[in-house]
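This is what each chain is made of:
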Amino acid sequence: MKQKKITLSENEMPHHWYNIIADMPNKPLPPLHPGTKEPIGPEMLAPLFPMDLILQEVTTEKYVEIPDEVRDIYKIWRPTPLFRAYQLEKALDTPAKIYYKYEGVSPSGSHKPNTAVPQAYYNKKAGVKRITTETGAGQWGTALSFACQMFDIECEVYMVKVSYEGKPYRKIIMNTYGATVYPSPTDRTNAGRQILAQDPNSPGSLGIAISEAVEVAAGDENTKYALGSVLNHVLLHQTIVGQEALLQMEKAGDMPDIIVAPFGGGSNFAGLSFPFLRLNLEEGKNIRCIASEPASCPKLTQGVFRYDFGDSIGMTPLLPMFTLGHDFVPSPIHAGGLRYHGAGVIVSQLLKDKLIEARAHHQLECFQAGVLFAKTEGILPAPEATHALATVIQEAKRCKEEGKSETILFNLCGHGHFDLASYENYLSGNLQDYEITQADIASSLAKIEGLQPA
Ligand SMILES: *Cc1c(COP(=O)(O)O)cnc(C)c1O
């Protein structure tokens, strides 16, 4: 009998997150103060994050122990299954072996609780009473609402107003977990009031929602802020995914030649790939790791590596990253989680050093891949995850042309049950690709020319 599903028992769940900084040949450059342009110390982040998370942001320790309290909650859905995609392989008539790690089994349906839970835990340990955050498509807000409920912390979510109105089910699940959700811009903050004064009908944006959540956290000593991607400690927490997958591939008696994951800010890509990249860095293995991004928001394939702001308003420290410019506004594609102008610092350095690869896909190709996956493997992928699938299919076809039986592993980082309106649009032929011109990219990049080169 062919083995389809490779599982781990609770006892086999890894005890450590892996910190790739320990093994990077070129360490990430430091964040800079937006005013002085001097490297900032951990104390500057103290109003927003508890000290344990700030220390994880800068640690060079190779393995960080997962606290028992976090492991206990992980056990609600972890270890997650790893599958061999026999039916997809057959449909593609490829000699390649395709595996996927499935993170859609978490309470909120994506990989995001892997970091939401430890973030809530370290906040609780520091005596924090309330956490604020922003959410765009709603996946991060849902994950944090769940995690805060586990540790009895209040959760306040600033949800971009267009999503709040267009994705009511996401709001309802957050409310069910006990979170308070506001359509941003609100009249609760200076940032929100300022925007509303200019445009009372503002649809909101992630940048505005971040400003509101940060303002509230900075103004109250019992309140902190949490971010769902990009930062080093977020990527660290996500490595539980790859730590498990490594054990599962060993159980399957196989090893990936290629790892693929969709890319928004880098957390699910890092989560799956970093524990395997360790084998490249430590043992000279040659596993290709490919980040799949939308062609309409191509920071990795068409952006530049330089210091830029993490938010669109320009309040955060300057970070050395691949970016399209902080006020780049991506087209309204359906993979909401991938519409971010920049990439995390660690992943950016790895790409600059050519230790990882990147590829861009248009959304029609992605949805086509997603529908093929649903029809063959039965799971309806999140629109974000279909970007990885598009890359996987290209690689599987290449294997067929070259007559090679390579092993491909990808991150099915979430299911698409809250994204059915997008599938409906695709199935009824109402979805379009968005062409982004070189002139659009150039004009966005021109605005950050004055910022520090990295
Ligand atoms: C948030 C999200 C992403 C993008 O964020 P990363 O930090 O790049 O992982 C991708 N897929 C899903 C399902 C998400 O919820």
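Read on for a plain summary of the structure. Worth saying up front: this structure is predicted, and the values here are computed from it rather than measured.

Tallying secondary structure elements over the chain gives 18 helices and 15 strands in all. Radius of gyration (C-alpha) of the chain: 21 Å, near the 22 Å computed for a compact globule of 454 residues. For the chain, buried positions account for 61% of its 454 residues. In the chain, 77% of the contacts between residues at least 6 apart in sequence involve partners at least 24 apart. Accessible surface, the chain as shown: approximately 17300 Å² in total, 51% of it carbon and sulfur. Distance between charge centroids for the chain: 4 Å, based on 41 positive and 51 negative side chains.

Sheet architecture is open: 4 strands sit in the order E8-E7-E6-E9, paired in parallel fashion. On the outer flanks of this sheet lie strand E8 (180-184) and strand E9 (223-225), each paired with one strand and no other. Between one strand and the next, the sheet's axes are offset by a mean angle of 25 degrees, whatever the strand orientation. Alignment of strand E6 (residues 130-135) against strand E7 (residues 154-160), held across 6 bridges, turns out to be parallel. Following the sheet pairing, Thr133 is matched in E7 by Val157. In this fold helix H5 (residues 139-150) packs onto E6 and E7, with an angle of close to 165 degrees to the strand it touches most, E6.

In the vicinity of the ligand lie 15 residues, with Lys112, Ser229, Gly264, Ser267 and Asn268 positioned nearest. In the environment of the ligand, an oxygen atom lies 3.0 Å from a nitrogen or oxygen atom belonging to the backbone of Gly266. Burial of the ligand by the protein amounts to 97% of the accessible area it has alone, namely 380 Å². Classifying every residue of the shell around the ligand by side-chain character gives 3 nonpolar, 10 polar and 2 charged.

Another aspect to go through is the nonpolar core. Judged by nonpolar contacts, the single largest core of 70 residues is most densely connected at Trp17, Tyr74, Val117, Phe274, Phe276 and Leu409. Per-element tally for this core: the top contributor is helix H12 (residues 267-283), with 7 residues. What Leu409 contacts, discounting residues up to four positions off in sequence, is Leu82, Tyr99, Tyr100, Lys101, Ala245, Met249, Pro256, Ile258, Ile259, Val260, Leu272 and Phe276.

Another point: the sheet that holds strand E5 (residues 97-102). One open sheet accounts for 7 strands, arranged E1-E4-E5-E15-E10-E11-E14; its pairing is mixed. Either end of the sheet is taken by a strand with one partner, and the two such strands are strand E1 (5-6) and strand E14 (357-361). Bridge count between E5 and strand E15 (residues 407-412): 6 bridges; the pairing is parallel. Following the sheet pairing, Lys97 is matched in E15 by Thr407. Contacts from helix H11 (residues 240-251) reach E1, strand E4 (82-84), E5 and E15, with the element oriented near 140 degrees to E5. Packed on one face of the sheet, H12 meets E5, strand E10 (258-262), strand E11 (288-294) and E15 and runs near 160 degrees to E10.

The next thing to look at is the pairing of E5. By the criterion of burial, E5 is predominantly enclosed, with 5 of the 6 residues buried. In the sheet, E4 pairs with E5 via 3 bridges, with the strands oriented antiparallel. Among the inter-strand pairings, Leu82 is bridged to a residue of E5, identified as Lys101.

Basis of the calculations
- Residues numbered from 1 in each chain as written.
- Predicted model: local features only at pLDDT ≥ 70, side-chain atom pairs only at ≥ 80, totals over all residues.
- Heavy atoms only, no water.
- Helix = DSSP H or I, 4+ residues; strand = E, 2+ residues; numbered from the N terminus.
- Rg over C-alpha atoms; globule rule 2.2 N^0.38 Å.
- Buried < 20%, exposed > 50% of the residue type's maximum accessible area, 1.4 Å probe, protein only.
- Contact = heavy atoms within 4.5 Å.
- Areas by Shrake-Rupley, 256 points an atom, 1.4 Å probe, with all protein chains shown as cover.
- Lys, Arg positive; Asp, Glu negative; His and termini not counted.
- Charge placed at Lys NZ, Arg CZ, Asp CG, Glu CD.
- Pairing = 2+ DSSP bridges.
- Axes fitted to C-alpha atoms, helices over the stretch in contact; angles between N-to-C directions.
- Near = heavy atom within 4 Å.
- Polar contact = N/O pair within 3.5 Å; in protein donor to acceptor, adjacent residues only side chain to side chain.
- Nonpolar A, V, L, I, M, F, W, Y, C, P; charged D, E, K, R; others polar.
- Core = buried A, V, L, I, M, F, W, Y, C linked by side-chain atoms within 4.5 Å.

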